[in-house]
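Spelled out, the chains give:
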Protein chains: 2
Amino acid sequence: MDINILLFPDFETLDAFGPVEILSRIEEYHMHYISINGGIIKSRQGTNIFTAPLKNADFYGILLVPVGQGTRSLVTDIKFIEKLTQIAAHSTYCLTVCTGSALLAKTNLLDGKKATSNKRALKWVKSVNSKVDWITHARWAVDGKFYTSSGISAGMDMALGFIAERFGVNKAKEIADSIEYIWNSDKDNDPFAK
Amino acid sequence: MDINILLFPDFETLDAFGPVEILSRIEEYHMHYISINGGIIKSRQGTNIFTAPLKNADFYGILLVPVGQGTRSLVTDIKFIEKLTQIAAHSTYCLTVCTGSALLAKTNLLDGKKATSNKRALKWVKSVNSKVDWITHARWAVDGKFYTSSGISAGMDMALGFIAERFGVNKAKEIADSIEYIWNSDKDNDPFAK
């Protein structure tokens, strides 16, 4: 199963690489770094990363959408949202980190579904699409194939939660232990909701 | 001040990008991705990243040394250790994550100093250099300009601890809050020491 990590200029490094560190511990998951047109993508932290074009990705993989400084303009980029809609609709699972859920919400695939986002940005996120059932108190939220996490670091807790549901909680704990990560395993325990 | 992130083939993605996410929140810190000869470096998680050659780095910056699958062969790579010794000796601060401390120990700059590492690898790490005062119970350790952290995720706690000492604990808490990271702020609180 391919993990398609969708990168765009000024994406937040930990948003992508926190979950990647965890998901890559599953042998059958293969990491694919993609962007709309492929080529080099520079993160907010100045990392230049090679990406393959989205059209070459296996659309039935697991999609990971991080956030970035560019998110607020990307929600109005019709071409980007169109491409995101195509891959998200086909993907077996969609995982978003931080306001990556705002991008996914813009595709209308989250309409009527439970989702969460960074708690500092919730007002803006709700304004992007009010038809989503935005959860204001959640480390991460699950609705069908959609996993949406709270702010940046919450993506790691969600990735472990995702693995727990697929491979059992012991596998998730084993991965957390192997990277010495103190896992907040309760998706409803959100210390940043206040 | 430059943050020189020293990458090498098969480095562990979160080792580098956890601390990078945190350190980059300090306006005066500039991220520089370097490797011994420069060029493209592929992480253990398949990320292809552009790096500048080490010789072009500001040797008086802050050095960040992650770990990787290649670490166990790199400790015997005389040329690599020679270059690492040069930059580490000049660097204002040296930060290592996981068994990155074994690489640093090999330079002999840690001799007689307190340092820590991944708790699962401590036996091997001690065998690399027994003249280091290896701390078996620490989320991270500080001795002069040397900051060494425990396994992979501990690098984030250490980076926040490093910032707390330079810019105050409130600044570190502010950064942790902004990325919704549950900071283990006590360097002696090591849940993985057992």
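Everything numeric here is computed off the predicted structure, so don't read it as measured data. (Residues numbered from 1 in each chain as written. Chains lettered and ligands numbered in written order. Predicted model: local features only at pLDDT ≥ 70, side-chain atom pairs only at ≥ 80, totals over all residues. Heavy atoms only, no water.)

**Q** Would you take a moment to explain the relation of the copies chain B and chain A for this structure?
**A** Two chain copies here: they are related by a rotation about an axis and a translation along the same axis. When chain B is fitted to chain A, the residual RMSD is 0.0 Å, and the transformation amounts to a turn of 180° plus an axial shift of 0.0 Å. The relationship between the two copies is best expressed as a two-fold rotation axis. For chain B, the smallest separation between a C-alpha atom and the rotation axis is recorded for Ile49 of chain B, amounting to 2.4 Å. (Least-squares fit on C-alpha atoms with pLDDT ≥ 70 in both.)

**Q** Any chance you could explain helix 7 (residues 169-178) of chain B here in plain terms?
**A** For an α-helix the count is 3.6 residues per turn, leaving residues at separations of three or four pointing the same way. Residue and element names in this part refer to chain B. Within the span of helix 7, buried status applies to Ala172, Ile175, Ala176 and Ser178. Here the buried residues of helix 7 occupy an arc of 165° about the axis, which is enough to place them on one side. Buried-residue contacts for helix 7 involve helix 1 (13-23) and helix 6 (154-167). Where helix 7 ends, the next residue or the one after it, Glu180, has phi of about 50°, a positive value. (Buried < 20%, exposed > 50% of the residue type's maximum accessible area, 1.4 Å probe, protein only. Helix = DSSP H or I, 4+ residues; strand = E, 2+ residues; numbered from the N terminus. Arc of directions from axis to C-beta. Contact = heavy atoms within 4.5 Å.)

**Q** Honestly, empty space enclosed by the protein in this entry has me stumped. Any pointers?
**A** A probe as big as a water molecule, rolled over the atoms, marks out the empty space that is left. Evaluated as defined, the whole model comprises one cavity of 30 Å³ or more. Size it by volume and the largest cavity reaches roughly 60 Å³. Here the residues of the lining of the largest cavity sort into four nonpolar, one polar and four charged. (1 Å grid on protein atoms, 1.4 Å probe; cavity = no way out; pocket = protein on both sides within 12 Å on 5 of 7 lines; lining within 4 Å. Points joined across faces, edges and corners; volume = space filled by probe spheres on them. Nonpolar A, V, L, I, M, F, W, Y, C, P; charged D, E, K, R; others polar.)

**Q** Sorry if this is basic, but what is going on with the pattern of salt bridges here?
**A** Here the idea is simple: oppositely charged side chains can pair when their charged atoms come close. Applying the stated criterion across every chain yields a total of 20 salt bridges over all chains. Of the charged contacts in the structure, one is a salt bridge between Arg139 of chain A and Asp157 of chain A, with a shortest N-O distance of 2.7 Å. Taken together, the residues Arg139 of chain A in the loop between strand 8 (133-134) and strand 9 (140-143) and Asp157 of chain A in helix 6 (residues 154-167) connect sequence positions 18 residues apart. Between Glu12 of chain B and Arg44 of chain B there is a salt bridge whose closest N-O contact spans 3.0 Å. (Salt bridge = Lys/Arg side-chain N within 4 Å of Asp/Glu carboxyl O.)

**Q** For this particular structure, what's the right way to read the packing of helix 1 (residues 13-23) of chain A against helix 6 of chain A?
**A** Between two packed helices, the angle of one axis relative to the other and the distance separating the axes together describe the packing. All names here are of chain A. The N-to-C vectors of helix 1 and helix 6 enclose an angle of 30°; their axes lie 8 Å apart at closest approach. By the angle between their axes, helix 1 is roughly parallel relative to helix 6. Read as a crossing pair, helix 1 and helix 6 show a hand that is right-handed. Contact residues: Leu14, Gly18, Pro19, Ile22 and Leu23 in helix 1; Gly155, Met156, Ala159, Leu160, Phe162 and Ile163 in helix 6. Looking at the contact of helix 1 with helix 6, its residues break down into nine nonpolar, two polar and no charged. (Axes fitted to C-alpha atoms, helices over the stretch in contact; angles between N-to-C directions. Parallel < 35°, antiparallel > 145°, perpendicular 65-115°, else oblique. Left-handed = near helix turned anticlockwise from the far one by under 90°.)

**Q** Whenever I open this one, the side chain of Thr71 of chain B confuses me. Can you help?
**A** All names here are of chain B. Topologically, Thr71 is positioned in helix 2 (residues 71-74). The exposure class assigned to Thr71 is buried, which follows from its relative accessible area of 1%. When near neighbours in sequence (up to four residues on either side) are disregarded, Thr71 contacts Phe8, Thr99, Leu103 and Trp124.

**Q** How should helix 6 of chain B be read in this particular structure?
**A** Residue and element names in this part refer to chain B. For helix 6, built from 14 residues, the straight-helix expectation of 20 Å at 1.5 Å per residue is met to within 8% by its first-to-last C-alpha distance of 20 Å. Across the 14 residues that make up helix 6, a large majority, 11, are buried. Of all the positions in helix 6, only Ala154, Gly155, Met156, Asp157, Met158, Ala159, Leu160, Gly161, Phe162, Ile163 and Ala164 are classed as buried. A positive backbone phi angle near 95° is found at Gly168, which sits one or two residues after helix 6. (Expected span 1.5 Å × (residues − 1).)

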